[in-house]
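# Coordinate inspection notes
This is what each chain is made of:
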Amino acid sequence: MTKRVLIATSNQGKLAEIKAVMQGLSVEWCCLADLPSFPDAVEDGETFAANADKKALHFAQNAGMWTLADDSGLEVDALDGAPGVRSARYSDSGNDADNNRKLVRALSGVDAEQRTARFVCCLSLAKPGAVLARTRGQIEGRIIDEPRGHNGFGYDPHFWVPELHRTTAELAPDHKNRVSHRGQALRLMVTQLESLVGHAS
């Protein structure tokens, strides 16, 4: 039997990546735009995992269905882990261009070798009242001043992956899904979802 699962995001970039990796499951996916408007989840946790849980539980309760939520972002070592859980709201406006400008300004004068960073993604799957599964993925890189590439979103144009000799915004979507923090977390979640859906009533 096909299980209906809500993907708790209105970010179209995230939605596309999640659906691409999770295709083939006995799941009918829906997103927030498919349902009546719900109040936003309060994402005031101190970790990505805590916020993913809060979001998944909030929307599972409001929608009355299993919900998959993620919290993800960028941790920069020279900035003591910032922007971290505030990655999407790093600048006053919260838009990608302003977030990236603030990031580059914050790293002004920091040597290239000291600009180590990682993208982190925590996923939470919940039913009303309980978390069913959690997964985590991350990818290491460095922050560069000049944006490169037009794929992806968020901080991708400034996130240089040394082993790949390119930014995550220069990766083709299928390549990015194989190596990215979100792709890693999603593939781990696929395994858990397969088992959970098979045992769901």
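So, here is what we can say about the structure in this document. (Residues numbered from 1 in each chain as written. Predicted model: local features only at pLDDT ≥ 70, side-chain atom pairs only at ≥ 80, totals over all residues. Heavy atoms only, no water.)

### A word on empty space enclosed by the protein
The following threshold applies: A cavity, in this analysis, means grid points on a 1 Å lattice covering only the protein atoms where a 1.4 Å probe fits yet has no way out; a pocket is instead an open set bounded by protein on both sides within 12 Å along at least five of seven lines, and a residue lines either one if it has an atom within 4 Å of a point. Grid points are joined across faces, edges and corners, and a volume is the space filled by probe spheres set on the points. Secondary structure elements follow DSSP: runs of H or I of four or more residues count as helices, runs of E of two or more count as strands, with numbering from the N terminus.
Following the criterion strictly, the structure yields 1 cavity of 30 Å³ or more and no others. Put simply, the largest cavity is a space of about 30 Å³. What lines the largest cavity is simply Ile7, Ala8, Thr9, Lys14, Ile18, Leu68, Ala69 and Asp70. Within the residue set of the lining of the largest cavity, elements represented by two or more residues are helix H1 (12-22) and strand E3 (66-76). Ranked by residue count, the leading element in the lining of the largest cavity is E3, at 3 residues.

### Focus on the pattern of salt bridges
Stated precisely, the cut-off is as follows: Basic side-chain nitrogens of Lys or Arg form a salt bridge, by our definition, when they fall within 4 Å of a carboxyl oxygen of Asp or Glu. Burial status follows relative accessibility: with a 1.4 Å probe on protein chains alone, a residue under 20% of its type maximum counts as buried, one over 50% as exposed, and anything between as partly exposed.
Evaluation of the coordinates by the stated rule reveals 14 salt bridges. A salt bridge links lysine 54 to aspartate 44, with the nearest nitrogen and oxygen atoms 3.0 Å apart. With lysine 54 in helix H2 (residues 48-63) and aspartate 44 in the loop between strand E2 (27-31) and H2, the pair connects residues that are 10 residues apart, well separated along the chain. For lysine 54, a relative accessible area of 35% translates into the label partly exposed. Ionic pairing is found between glutamate 170 and arginine 148, a salt bridge with its closest N-O pair at 3.3 Å. Within this pair, whereas glutamate 170 is found in the loop between strand E7 (166-167) and helix H4 (173-179), its partner arginine 148 is found in the loop between strand E5 (130-143) and strand E6 (159-161), the two being separated by 22 residues in sequence. The network of salt bridges with common partners includes Glu75, Asp77, Arg118 and Glu140.

### A look at the nonpolar core
Inclusion rule: We define a nonpolar core as any set of buried Ala, Val, Leu, Ile, Met, Phe, Trp, Tyr and Cys residues linked to one another through side-chain atoms lying within 4.5 Å. Here a residue-residue contact requires only that any non-hydrogen atoms of the pair lie within 4.5 Å.
Counting 22 residues, the largest nonpolar core has Met22, Trp29, Leu68, Leu125, Met189 and Leu193 as its most contacted members. At the level of elements, strand E1 (3-7), H1, E2, E3, strand E4 (116-127) and helix H5 (181-199) are the ones that each hand at least two residues to this core. Considering every element that reaches this core, the biggest residue donor is H5, with 6 residues. Excluding residues that lie within four positions of it along the chain, methionine 22 makes contacts with Trp29, Leu68, Leu186, Met189, Val190 and Leu193.

### Observations regarding helix H3 (residues 96-106)
For clarity, the threshold we go by: Read the arc as the range of directions from the helix axis to the C-beta atoms. Polar contacts, as used here, are pairs of N or O atoms within 3.5 Å; protein pairs need one atom able to donate a hydrogen and one able to accept it. Residues neighboring in sequence count only if both atoms are side-chain atoms.
Looking at H3, one finds that the buried residues are Asn99, Asn100 and Leu103. Buried positions in H3, seen along its axis, are confined to an arc of 95° and lie on one side of it. Where H3 is buried, its residues touch E3 and E5. With a side-chain oxygen positioned 3.2 Å from the backbone nitrogen of alanine 97, the residue opening H3 is asparagine 95.

### A look at the sheet that holds E7
Going by this rule: In this description, strands pair whenever DSSP reports at least two bridges between them. To obtain each axis, a line is fitted to C-alpha atoms, and for helices this fit is confined to the stretch in contact; angles are then taken between N-to-C directions over 0 to 180 degrees.
Strand order in the open sheet formed by 7 strands is E2-E1-E3-E4-E5-E6-E7, with mixed pairing between adjacent strands. Here the strands that pair on one side only, and so sit at the sheet edges, are E2 and E7. Two strands pair when backbone bridges link them, and E1 and E3 are joined in this way by 3 bridges, in the parallel orientation. What sits directly across from valine 5, in E3, is tryptophan 66. Taken strand by strand, H1 contacts E1, E2 and E3, and its axis lies near 115° from that of E3. Lying on the sheet, H2 is in contact with E1, E3, E4 and E5; it crosses E3 at an angle near 155°.

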